[in-house]
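# Structural overview
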Amino acid sequence: MSVLGLGTMGRALADAFLGAGRRTVVWNRTAARARALVARGAVAPGDLGAAVEASPLVVVCLLDYAAVRETLEPVVDGLRGRTVVNLTNGTPAEAAGLAGWLRERGVAYLDGGVMAIPATIATPGAFVLYSGPVEVFAGWRAELETLGTAHHLGTDPGLAPLYDLALLSGAQLMFEGFYLAVAMATAHPEGDATGFTELLVPWLTGMSALLPFLAKEVDAEAADGTPPAIVQDLDVQAAGLRNMIRAARGAGVDPTDLENSLARLRRIAAGGHDEWNAPLSVHGFRTGPDPARGGTGTART
Ligand code: FVH
């Protein structure tokens with residue numbers, strides 16, 4: 001295969017292909033970045049067109065979609081009949097735009113989201129999300145498994161970047177939650193981040209075990225309106241949040257994120273509910289009609 005883009009991630013991808021004994025052709029805008037890979041057996045023709053035409057599978061990992069388009073435009077004729085797998089981070093709309101542009105030019109396309117860091121590529125913990133035509137994924141699956149467990153999510157090229165960014169959003173807010181909690185705990189003269197985190201980790205681990213059950217309730221409610229079994233009094237939740245906000249303020253910590261949570265609970269209560277459940281919280285994050293419910297979901301909150 002050919003790998004276009006030898007930044008930190010691109011080099012890890014090319015290295016994984018080489019490590020698996022696969023013939024690997026590499027190209028990077030700054031050619032010097034190919035040196036170590038060439039020493040390991042990669043072929044670096046230097047010329048972008050030659051790199052593209054050297055392999056039926058072209059893996060792209062650049063800074064952003066603008067760089068991808070800028071790179072592929074001059075050589076797109078040479079891509080006809082080949083497959084592009086784009087592992088550059090971007091939005092679903094960008095993926096759809098690139099997929100359409102390549103499809104019109106006879107190029108098969110898979111979009112991908114790498115759920116790993118360069119050091120963990122090709123290790124058991126690495127996984128990569130793909131979306132695009134199922135037969136294209138099936139045809140290249142063995143090669144793609146070299147990088148990490150390959151998950152095909154669906155035919156819409158925008159699905160992999162959507163899940164990728166949703167997973168990153170979950171992690172982002174988890175880390176924000178960690179920083180907020182540590183700021184509160186360490187506001188006390190006897191509080192320390194390490195000791196606090198020894199309590200936080202088992203607490204969050206236990207809480208995270210609930211997530212699959214909550215997810216099932218979200219799906220069941222969406223499928224046929226099945227009422228959730230895991231419920232909690234909204235007043236109790238709101239009282240707890242108010243205490244968290246007061247404690248954060250008292251500790252000199254910005255409570256804005258907690259206030260946003262309380263505002264969502266209040267909107268749920270204003271919709272006529274006196275009990276919390278997971279589907280209501282999911283609806284509470286939506287800013288418009290719920291696409292999973294034929295555009296009628298917000299009316300259900
Ligand atoms: N690194 C990570 O942990 C994350 C893990 C999840 C996925 N991301 C995404 O992967 C894309 C590349 O990330 P990266 O870490 O390899 O980034 P850099 O090391 O900064 O390398 C950037 C490469 O892009 C090339 N490049 C930039 N602009 C252009 C352009 N206009 N034309 C052609 N190439 C361009 C750059 O080339 P050069 O500067 O060496 O000449 C690098 O090859 C990214 O989407 C992450 O979000 C990584």
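A brief look at the structure comes next. Keep in mind that this is a model prediction, so the values were computed, not measured.

### Section: the overall build of the protein
- Within the protein one finds 13 helices and 9 strands.
- Along the longest, intermediate and shortest principal axes, the C-alpha atoms of the protein span 65 × 50 × 30 Å.
- Out of the 301 residues in the protein, the part that is buried amounts to 39%.
- Summarising the internal contacts of the protein: among those between residues at least 6 apart in sequence, 57% fall at separations of at least 24.
- With the model as given, the accessible surface of the protein reaches about 15800 Å², and the carbon-plus-sulfur share is 59%.
- Looking at the protein, you have 23 positive and 31 negative side-chain charges, and the mean spots of the two groups are 5 Å apart.

### Some details on the site of the ligand
- With respect to spatial proximity, 22 residues lie near the ligand, and among them M9, N28, T30, R33 and N89 are the closest.
- T8 places a side-chain nitrogen or oxygen 2.9 Å from an oxygen atom of the ligand.
- Within the backbone of N89, a nitrogen or oxygen atom sits 2.9 Å from an oxygen atom of the ligand.
- In isolation the ligand exposes 910 Å². Once the protein is present, 76% of that is buried.
- Within the residue set of the shell around the ligand, elements represented by two or more residues are α1 (8-19) and α4 (65-72).
- Residue composition of the shell around the ligand, by class: 10 nonpolar, 9 polar and 3 charged.

### Some points on the sheet that holds strand β6 (residues 127-131)
- Taking strand neighbours across the sheet as the criterion, the 7 strands line up as β2-β1-β3-β4-β5-β6-β7 in an open arrangement whose pairing is mixed. One side of each edge strand has no neighbouring strand; the edge strands of this open sheet are β2 (25-27) and β7 (149-154). Strand after strand, the sheet turns through a mean of 25 degrees between neighbouring axes, direction not considered.
- Two strands pair when backbone bridges link them, and strand β3 (residues 57-60) and strand β4 (residues 83-86) are joined in this way by 4 bridges, in the parallel orientation. Looking at β4, one finds that V59 is bridged to V85.
- Contacting β3, β4, β5 (108-115), β6 and β7, helix α7 (residues 134-144) runs over the sheet at an angle of about 170 degrees to β7.

### Examining the pairing of β5
- Counting buried positions over the 8 residues of β5 gives 7, a clear majority of the element.
- Assessed by its sense of winding, the connection that carries the chain from β4 through helix α6 (residues 92-103) to β5 is right-handed.
- Sheet topology note: the β5/β6 ladder contains 5 bridges and is antiparallel. Paired with M115 across the bridge in β6 is F127.

### A short note on a nonpolar patch on the surface
- A grouping of M174, F175, Y179, W203, L204, M207, L210 and F213 is seen on the molecular surface, where their side chains present a nonpolar patch of about 820 Å² in accessible area.
- Elements supplying a minimum of two residues to the nonpolar patch: α8 (159-185) and α9 (193-208).
- The topology assignment puts W203 in helix α9.

### Points about the pattern of salt bridges
- According to the stated counting rule, one finds 5 salt bridges in the structure shown.
- With a shortest N-O distance of 2.6 Å, R249 and E259 are connected by a salt bridge. One end of the pair, R249, is in helix α11 (residues 234-250); the other, E259, is in helix α12 (residues 256-270), and 10 residues separate them in sequence.
- E259 sits in the partly exposed class, given a relative accessible area of 30%.

### Quick look at the packing of aromatic side chains
- Under the definition given, this model contains 3 aromatic pairs.
- Residues Y130 and F137 carry aromatic rings whose centres are separated by 5.7 Å and whose planes lie at 40 degrees to one another, so their mutual orientation is tilted.
- A relative accessible area of 0% means that Y130 is categorised as buried.
- Relative to Y179, the ring of F175 has its centre 6.5 Å away and its plane inclined at 25 degrees; by these criteria the two rings are stacked. Separated by 4 residues within a single helix, F175 and Y179 lie in helix α8, roughly one turn from each other.
- For Y179, a relative accessible area of 47% puts it in the partly exposed group.
- Chaining the aromatic ring pairs together yields one cluster made of F175, F178 and Y179.
- We note R264 situated over the ring of F285; from NZ or CZ to the ring centre the distance is 4.0 Å.

### Re the environment of V182
- Note that V182 resides in helix α8.
- Note on V182: relative accessible area 13%, which makes it buried.
- Note: C-alpha distance between V182 and A193 (11 residues apart in sequence) is 5.8 Å.

The rules behind these values
- Residues numbered from 1 in each chain as written.
- Predicted model: local features only at pLDDT ≥ 70, side-chain atom pairs only at ≥ 80, totals over all residues.
- Heavy atoms only, no water.
- Helix = DSSP H or I, 4+ residues; strand = E, 2+ residues; numbered from the N terminus.
- Buried < 20%, exposed > 50% of the residue type's maximum accessible area, 1.4 Å probe, protein only.
- Contact = heavy atoms within 4.5 Å.
- Areas by Shrake-Rupley, 256 points an atom, 1.4 Å probe, with all protein chains shown as cover.
- Lys, Arg positive; Asp, Glu negative; His and termini not counted.
- Charge placed at Lys NZ, Arg CZ, Asp CG, Glu CD.
- Near = heavy atom within 4 Å.
- Polar contact = N/O pair within 3.5 Å; in protein donor to acceptor, adjacent residues only side chain to side chain.
- Nonpolar A, V, L, I, M, F, W, Y, C, P; charged D, E, K, R; others polar.
- Pairing = 2+ DSSP bridges.
- Axes fitted to C-alpha atoms, helices over the stretch in contact; angles between N-to-C directions.
- Right-handed = clockwise from strand over helix to strand, strands pointing away.
- Patch = residues over 30% accessible without salt bridge, like charges linked within 9 Å, V, L, I, M, F, W, Y side chains within 5 Å.
- Salt bridge = Lys/Arg side-chain N within 4 Å of Asp/Glu carboxyl O.
- Phe/Tyr/Trp six-rings, centres within 6.5 Å; stacked < 30°, edge-to-face > 60°.
- Lys NZ or Arg CZ within 6 Å of the ring centre and 35° of its normal.

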